Amino acid sequence: MKSDKEESVYTNGTEHAKSTKSNRIEKSIAVLSDRILRIAAVAAASITSIVFPQSLYCICCGNIIDSTRSYSLCDHCMEHIRWNVDEPKVIDEMRVMRCVDYGIYERSIIFAFKYDGHRYIARDIASIMADRLRSLEDDAIDVGGDNAIDSDCKSKNKNNGKSQSRDSDEFADAHKKCLIVPVPLHDNKYFARGFNQSELIGKYLAEKMGWDMADVLIRTKETKAMRGLGPAERADTIRGSIKLAKEGIDLIRNKDIMLVDDFYTTGSTARECKRALESANPKSISLIAFAGREWSRTKA
């Protein structure tokens, strides 16, 4: 017969084994659920692409267009988009630039992309970003066709009697070859939306610019929605919620980094990304956003 002590050890060992097995099962279920959610997200995106094929509808108003339209925009929306050709602004030692000023038309594009699941819009946004970046080079590179951003930049530069300002020249020179890093999205929001909008834009921008992309920033906690919050509240909400993945340290070191985001508001998220990236000693950090508030209305 087993003694009480032996019986206790046996019982504890059995319970430990059951607990370990249970934990393994739970982890396996979690991994399986993660894979199923990702597959479902990809499937949903594929269906959306079939129902709303690229270049068939205006990405802003939804009117039918043909494939010759720049950025998949109809003539009306093309004329009313608030194209931004300002020079990059240095905020918190980081060069920041936007492609359009945020308004009704710009909001329609972002909402259709992020909340209506029209993932194909990422490709058009990436095209706009690529042309915006190229416009910073001397004499504005001709990217082919009538391009709103490129044409406006050429006109502006001609009127100024010079190709670009010193800041724009330095920006262009420093970013002829960048490593794209998308602003991260928390897993819960990723699964709910089916994609990270910044990652998707970054993927296409990397292809168009001939750059590499490293998705190495991680959201460590889910933050509440920041729409409507002021600069101080946003900074408090996002603080400490972004970190650099271990595998990203060597990738980031001594590189010119181009953060990519869909919308720049107060800069709180950008600062957290910059703080995380600086731990790996990059050469420089810049950010390009599709849309943003006018600088005079943006408080860093």
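Reading the values: rules and limits
Along each chain, residue indices are assigned from 1 in the same order as the chain's sequence is written. Only residues with pLDDT of 70 or above have their local features reported here, since the model is predicted, and side-chain atom pairs are shown and tallied only from 80 upward, although totals for entire chains, interfaces and linings are computed over all residues. To get the side-chain values, all heavy atoms of the structure are used, and hydrogens and water are removed first. Counting from the N terminus, the helices are the DSSP runs of H or I reaching at least four residues and the strands are the DSSP runs of E reaching at least two. Any residue under 20% of the maximum accessible area for its type is buried, any over 50% is exposed, and the rest in between are partly exposed; the area is computed with a 1.4 Å probe on protein chains only. Throughout, a residue-residue contact means that at least one pair of heavy atoms, one from each residue, lies within 4.5 Å. Accessibility throughout is a Shrake-Rupley quantity obtained with a 1.4 Å probe, and a residue counts as covered only by protein chains that appear here. In this analysis an axis means a line fitted to C-alpha atoms, helices contributing only their contacting stretch, and an angle means the value between N-to-C directions, from 0 to 180 degrees. When describing relative orientation, an angle under 35 degrees is termed roughly parallel and one over 145 degrees roughly antiparallel, while 65 to 115 degrees is termed roughly perpendicular and anything else oblique. Crossing handedness is defined as follows: a turn of the near helix away from the far one that is anticlockwise and smaller than a right angle gives a left-handed crossing, while the clockwise case is right-handed. Only Asp, Glu, Lys and Arg are considered charged, only Ala, Val, Leu, Ile, Met, Phe, Trp, Tyr, Cys and Pro nonpolar, and every remaining residue, Gly among them, polar. Strands pair, by our definition, only if DSSP identifies at least two bridges between them. For the purposes of this section, nonpolar cores are sets of buried Ala, Val, Leu, Ile, Met, Phe, Trp, Tyr and Cys residues that join through side-chain atoms within 4.5 Å. The salt bridge criterion pairs a side-chain nitrogen of Lys or Arg with a carboxyl oxygen of Asp or Glu, the two atoms within 4 Å.

A. Inspection of the overall build of the chain at higher detail. The number of helices and strands found in the chain is 11 helices and 8 strands. Considering the chain as a whole, with its 300 residues, one finds that 45% of them fall into the buried category. Pairs at least 24 residues apart make up 72% of the contacts formed inside the chain by residues separated by at least 6 positions. Counting every atom, the chain has about 16200 Å² of accessible surface; 49% of that belongs to carbon and sulfur.

B. Here's a closer look at the packing of helix H4 (residues 121-134) against helix H8 (residues 197-209). It is the contact of H4 with H8, at a shortest axis distance of 8 Å, that shows an interaxial angle of 50°. As summarised for this structure, H4 and H8 are arranged oblique, according to the angle between their axes. Seen from above, H4 lies across H8 with right-handed handedness. Every residue of H8 that contacts H4 at Ala122, Arg123, Ile125, Ala126, Ser127, Met129, Ala130, Leu133 and Arg134 is listed here: Leu200, Ile201, Tyr204, Leu205, Lys208 and Met209. Along the lines of polarity and charge, the residues of the contact of H4 with H8 split into 11 nonpolar, 1 polar and 3 charged.

C. Spotlight on the pairing of strand S3 (residues 179-182). The two faces of S3 match: Leu179 and Val181 on one face and Ile180 and Pro182 on the other face are all buried. Bridging between S3 and strand S4 (residues 212-213) involves 2 bridges; their strand directions are parallel. Pairing of Ile180 across the sheet is with Met213, part of S4. Pairing geometry for S3 and strand S7 (residues 256-264), over 4 bridges, is parallel. When the sheet's bridge partners are listed, Val181 is paired in S7 with Leu259.

D. Focus on the pairing of S7. Taken across its 9 residues, S7 has 9 buried, putting it largely inside the fold. Here S7 runs beside strand S8 (residues 284-292); their pairing, made up of 8 bridges, is parallel. Its bridge partner lying in S8, Asp256 is registered against Ser284.

E. A look at the nonpolar core. Judged by nonpolar contacts, the single largest core of 45 residues is most densely connected at Leu73, Ile109, Met129, Leu205, Ile288 and Phe290. Of all the secondary structure elements, the ones that give two or more residues to this core are helix H2 (75-80), strand S2 (94-101), helix H3 (104-114), H4, H8, S7 and S8. With 8 residues, the single largest contributor to this core is H4. Apart from residues no more than four positions distant in its own chain, Ile288 is found in contact with Met97, Cys99, Met129, Arg132, Leu133, Leu205, Met258, Leu259, Val260 and Asp261. Counting 23 residues, the second largest nonpolar core, distinct from the first, contains Val181, Ala214, Ile242 and Ala289.

F. Looking closely at the pattern of salt bridges. Within this structure, the stated rule accounts for 10 salt bridges. The partner of Arg98 in a salt bridge is Asp86, and the shortest N-O contact between them spans 3.6 Å. Residue Arg98 is located in strand S2, and its partner Asp86 is located in the loop between H2 and strand S1 (89-91); the two are separated by 12 residues in the primary sequence. Accessibility expressed as a relative area gives 3% for Arg98, which makes it buried. Residue Asp86 is classed as partly exposed on the basis of its relative accessible area, which comes to 29%. Each of Asp66, Arg69 and Asp75 takes part in one network of salt bridges that share partners.

G. Summary view of the packing of H3 against H4. At their nearest, the axes of H3 and H4 sit 9 Å apart, and the two run at 135° to each other. By the angle class used here, H3 and H4 are oblique. Contacts between H3 and H4 involve Ile109, Ala112 and Phe113 on the former and, on the latter, Ile121, Ala122 and Ile125. Looking at the contact of H3 with H4, its residues break down into 6 nonpolar, no polar and no charged.

H. Representation of the sheet that holds S3. With mixed pairing, the 6 strands of this open sheet are ordered in space as S1-S2-S8-S7-S3-S4. Every interior strand has two partners, whereas the edge strands, S1 and S4, have only one. Helix-sheet contacts for H4 involve S2, S7 and S8, and the interaxial angle to S8 is about 125°. The sheet contacts of H8 involve S3, S4, S7 and S8, and relative to S7 the element is tilted by about 130°.

I. Inspection of unusual backbone geometry at higher detail. Although it is not a glycine, Ser72 sits at a positive phi angle of roughly 55°. Turning to its location among the elements, Ser72 is positioned in the loop between helix H1 (4-51) and H2. Residue classification places Ser72 among the buried residues on the basis of a relative accessible area of 2%. The phi dihedral of Asn254 is positive, around 60°, even though this residue is not glycine. Relative to the helices and strands, Asn254 is located in the loop between helix H10 (249-252) and S7.

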